[in-house]
Every structure is written in C-alpha cells, then in structure tokens.
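Chain and residue survey
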Amino acid sequence: PDEPVTGSFASFIHAARPEHLSETVRQRSKRMILDSIGVGLVGSTTRVFDIALRYCRLYSSPPVSSVYGKPGVKLSPTLAAFTNGVATHSMDFDDTWHPATHPSGAVLPTLLAASQMLPPNTKPNGLEFLLAFNVGLEVQGRLMHFSTEAHDIPKRFHPPSVVGTLGSAAAAAKLLSLSSAQCRHALGIAASLAGAPMANAATQAKPLHVGNAARLGLEAALLAARGMEANPLILDDIPGCSGFSAFYSVYQPRALPAPGEQHQFLLEKQDIAFKRFPAHLGMHWVVDAALSVRNLFVDSAGCFSPSLIRSIVLKIPVSKYIDRPFPSSEHQARHSFQFSACAALLDGEVGLGSFSESSIQRQELRELLHKVVVEHPEDNVANFDKMYGEVALLLHSGDVLTGKCDTFYGHWRKPLSKESLLKKFRSNASHVLPEEKIEALISLVDNLEELSDSSQL
C-alpha cells in the first residue's frame, strides 16, 4: 500500500538535508528571515506586544530565550516563541504566501527560541537552522495546497493558526533531530493545538494567532520528543473521522515526496510577498491604485484637493473582514480597503504613522471616507494571485480619473529588490537597535550558512 500522507510528511521532515536546498531556496528564505526579524523588532514597540510580554512574565520557568526589542529580557523557550510571534504579526507587516498565510512568523520565533534552549555542545549551525526554517515553510505550503478553499482569502480559520502551527512543529522537530515517528506525533499533537477564527481579524487578538502557532508548534515537538503520541494518520483523509481535514470543507491530501532529486521545494517555484507598509496584504493593491490615480489628479489640478472630488469608487473583491467603511482603531484601519485608499490619496503614501490614532481620526480623512463607494466586479476574486485594486475619482467637473493595480511592488510576481528589502529592514530595526547591531544582523543572515552557532541570531 502507498505510504500514508502523515507518514510521508514525517519522513520528509526527518530525511531533509542541507544539500536539498537549492541556491534559490536559500537566498529567498534568508530574505524572509531578515525581513521577519525586522518586522518583529519594530513590532516590539506596539501595545499588543507589551500586553503579551507582561502576561508571559507571570511565569517563573527558567529564562533562556531572547525577546525582540528587549535587551536583557529572556523567557522560557515556548513563551519567547509566543511573544516574538506576537511581535511579528502585531502590525500585520509580515510576509505573505499563496495560498494565503504568513509563513515566517509562525516558524522563525520557534527556531530562535529553540536554538537558545539547546545545550552549548548541541547548538545547530546556521545551515541546520536554515534547513529547519525551510522544512517549516514546506509543510505549511503543502498543507494549503490540499484544499481549493485555501487558495482564496480565508473566511473561517486564520491560516497561520492552522498550517502555521504544524509548520512550527515540523521546523522544531527538524531542529531538535526528532525521529521519523516522533515527527509524525509532533504533527498530530500540533493539529490538536491549531485553529483560530477569522472573526478576530482586525483586533488585538489576531497577532496571538501567530504567537500561538510559534509557541504551540514548539510545544508539540517538545511533547513528542518526550514520548507523547497522537494519531499517526492525522493528515490523511479518513472517512467518518476528521483529522486535519476538520479545518477545510474541501480536503484532498497527497503524500509528500521524499527530499532529493524528485522533490522541489515550493519556495523554489514561487517567491514570497513582502509588505512595504504595515497592513493586510489586500490593502497593497488598493494603495498602489490610489497612488496612481492621485498622480493623475495632481498632474491635472496642480495639487491634491479633496473638495474637487464628488465620490471615490473602489473596485475590490468581496471579503467582509477587510471591507470596513469607517475603522475606529489601528487594527481595523490595517484591515480596511476604504481607509487605505483614502490615506494614500490624502498623504501620497502609507507608512507606520498612517495607522496612529491621530491619523485615523483626522477630519479630512473622515470626509474622504464618506465619499467612498464600493463595487465588487465579478472578475475581481478574493484571491491574492488573481485579485486587483481599482480606484476611480469622480470629480464635480464630470471628469473621471482611474488608477488600477494588478500586481503591487512587493508581490511574488514583482518582488522587492535587495535594496528595498534592506531599506525596510534598516527602518524597522532602527526603532530598537543601534546602527552597528543592525548591520551586524544583516551580515549574520546574509552569511547564515557559515554561522557555527545559530543562537547568535
């Protein structure tokens, strides 16, 4: 009989070797690591991060793993993974893949914490760290490809809380050198710890989804390492008994090929999307469209004058949790097509400061929001690989100006340049680190394969 799907995943995790990573995969994943660290560092300045950190410091377990942006502060490995995961997603600034999930935030904090947990003579080197990171990505990507539902913007479960938890468990299992049987149980345990509803999007609870994925995946691997068992067919489609299929209405799992010549990592086939500003990925189409039409407006009128605008028409896909006409908090604003378009029109850019309370409550911005009309063309589907954003300004003069974006700068089809990625990292990291440490981090990640002790990260 064919090998069960769960067994094939466990075998892959156990058998993967550094030589299985192509140059493309290594370079792309190092870009992800650097960006995720920067996002986590700037995320350590947020209120939701402070809440999570104060909670974690209630526990008295041995502090061994570092916390983003807090020199001298250490927590237990699982709580450090949780806190750093929260930091990574606190601004919705972290990378996004297709099918939709935030892959790095669920895995990198796990590996950083676990690297510091291990005894000095067993610390993983940089290449082993990079391999474990890619194993975590691969498991997430393969699981999402089991369901056509996962290809669209999610409606039920927040993907990082589902596939991210299993990706975290897989990455930790690899870093901790678990046996194939232990890897299988780690996946099964992680499935029982996974899942968070989409209704908590646009709230302070959403970053907890990524924090929990990092923490609970590590816990699953640690429990498996100590002998805990779970259903060895958790990823298989067993009629009448839901395993991982419980998270998807359509679920068609396939065995994962063994690493080697017959296997190609998903990251080899498709790059990642890096965000230029801290908001839901869908906002990036609308912002680029808004900036485009703003340029047309300024070229014709000489300056941007909201009083000349009768209405603003947004042509966007149907997605209830990011269709927010009048957001009242930073987290709602990060998940609002309307706010993102109006902020871009008013300011000519969208950045960290765009989502402050003072920016959200501006009278001129609220007046623009009242002019917005939303349309949902049938050809504009809620899918990060197919959607587009269109912004039309209907002027009192009768003129109509239109801007459209099919692929924003930073999308996997139009990836950020090395210079743009480094600029983003330096800007984010500068909120908590001095210049010399920023440059040292860039060098460490760039030469990760040569690092003898990955806990130096």
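The structure presented is a predicted model; accordingly, all values stated were derived computationally and were not measured. (Residues numbered from 1 in each chain as written. Predicted model: local features only at pLDDT ≥ 70, side-chain atom pairs only at ≥ 80, totals over all residues. Heavy atoms only, no water.)

**A short note on the state of the cysteines**
As a reminder of what qualifies: Two cysteine sulfur atoms form a disulfide, by the criterion used here, when they sit within 2.5 Å. Buried means the residue's accessible area, taken with a 1.4 Å probe over protein chains only, is under 20% of the maximum for its type, while exposed means over 50%, and partly exposed covers the values in between.
Taken as a whole, this structure holds 0 disulfides when the rule is applied. Just so you know, Cys303 is unpaired, no disulfide at all, and the nearest cysteine sulfur is the one on Cys342, 17 Å from it. In this structure Cys303 comes out as partly exposed when scored by relative accessible area, which is 44%.

**So, the pairing of strand 6 (residues 400-405)**
Keep this limit in mind: Here a strand is any run of E in DSSP of at least two residues, a helix any run of H or I of at least four, and the numbering for each starts at the N terminus. Two strands qualify as a pair provided that DSSP identifies no fewer than 2 bridges between them.
Residues Leu401, Gly403 and Cys405 point to one face of strand 6 and are all buried, whereas Val400, Thr402 and Lys404, pointing to the other face, are not buried. With 6 bridges joining them, strand 5 (residues 389-395) and strand 6 adopt antiparallel strand pairing. Along strand 6, the bridge assignment pairs Ala392 with Thr402. Here strand 5 folds back onto strand 6 in antiparallel fashion, the turn holding 4 residues, of which Gly398 has a positive phi close to 100 degrees.

**Regarding the domain arrangement of the chain**
Applicable threshold: Domain borders in the structure are assigned automatically or taken from a domain database. By the convention used here, residues are in contact when the closest approach between their heavy atoms is within 4.5 Å. Accessible-area loss on putting two parts together, using a 1.4 Å probe and summing over both, is the definition of buried area adopted here. Only one rule defines a salt bridge in this text: a Lys or Arg side-chain nitrogen within 4 Å of an Asp or Glu carboxyl oxygen. Throughout this description, a polar contact denotes any pair of N or O atoms lying within 3.5 Å of each other; where both atoms belong to protein, one of them has to be capable of donating a hydrogen while the other can accept it, and for residues adjacent in sequence the pair is counted only when both atoms sit in side chains. Under this grouping Gly is polar, as are all residues other than the nonpolar Ala, Val, Leu, Ile, Met, Phe, Trp, Tyr, Cys and Pro and the charged Asp, Glu, Lys and Arg.
In terms of domains, the chain is made up of domain 1 (5-275 + 416-456) and domain 2 (281-405). One C-alpha centre belongs to domain 1, the other to domain 2, and the line joining them spans 33 Å. On the domain 2 side, the residues contacting the 21 residues of domain 1 number 16 residues. Between domain 1 and domain 2 lies a buried interface of about 1600 Å² when both sides are counted; carbon and sulfur atoms form 67% of it. Sorting the residues of domain 1 by area buried against domain 2 places Ile153, Ala202 and Lys275 first, and these three jointly supply 38% of that buried surface. Between the two partners, domain 1 and domain 2, sit 0 salt bridges. Applying the counting rule to domain 1 against domain 2 returns 6 residue pairs in polar contact (both at pLDDT 80 or more). Across the side of domain 1 that touches domain 2, the residue classes break down as 10 nonpolar, 7 polar and 4 charged.

**Overview of the UniProt feature "domain: MmgE/PrpD C-terminal" (unreviewed entry) in the chain**
Note the threshold: UniProt positions are given in the numbering used here, feature names are shortened, and annotations may be inferred rather than shown by experiment.
UniProt's entry tags residues 277-449 with the feature "domain: MmgE/PrpD C-terminal" (unreviewed entry), counted in the numbering of this structure. Between the C-alpha atoms that bound residues 277-449 there is a distance of 30 Å. The span itself is 40% helix and 14% strand.

**Some thoughts on the packing of helix 2 (residues 23-43) against helix 5 (residues 103-117)**
Operational definition: Throughout, an axis means a line fitted to C-alpha atoms (over the contacting stretch in the case of helices), and angles, computed between N-to-C directions, take values from 0 to 180 degrees. Note that the term roughly parallel is reserved for angles under 35 degrees, roughly antiparallel for angles over 145, roughly perpendicular for angles of 65 to 115, and oblique for everything else.
Where helix 2 meets helix 5, the closest approach of the two axes is 10 Å, and the angle between their N-to-C directions is 85 degrees. One finds that helix 2 runs roughly perpendicular with respect to helix 5. On helix 5, the residues that touch Met32, Ile33, Ser36 and Ile37 of helix 2 are Pro103, Ser104, Gly105 and Leu108. In the contact of helix 2 with helix 5, the residues fall into 5 nonpolar, 3 polar and no charged.

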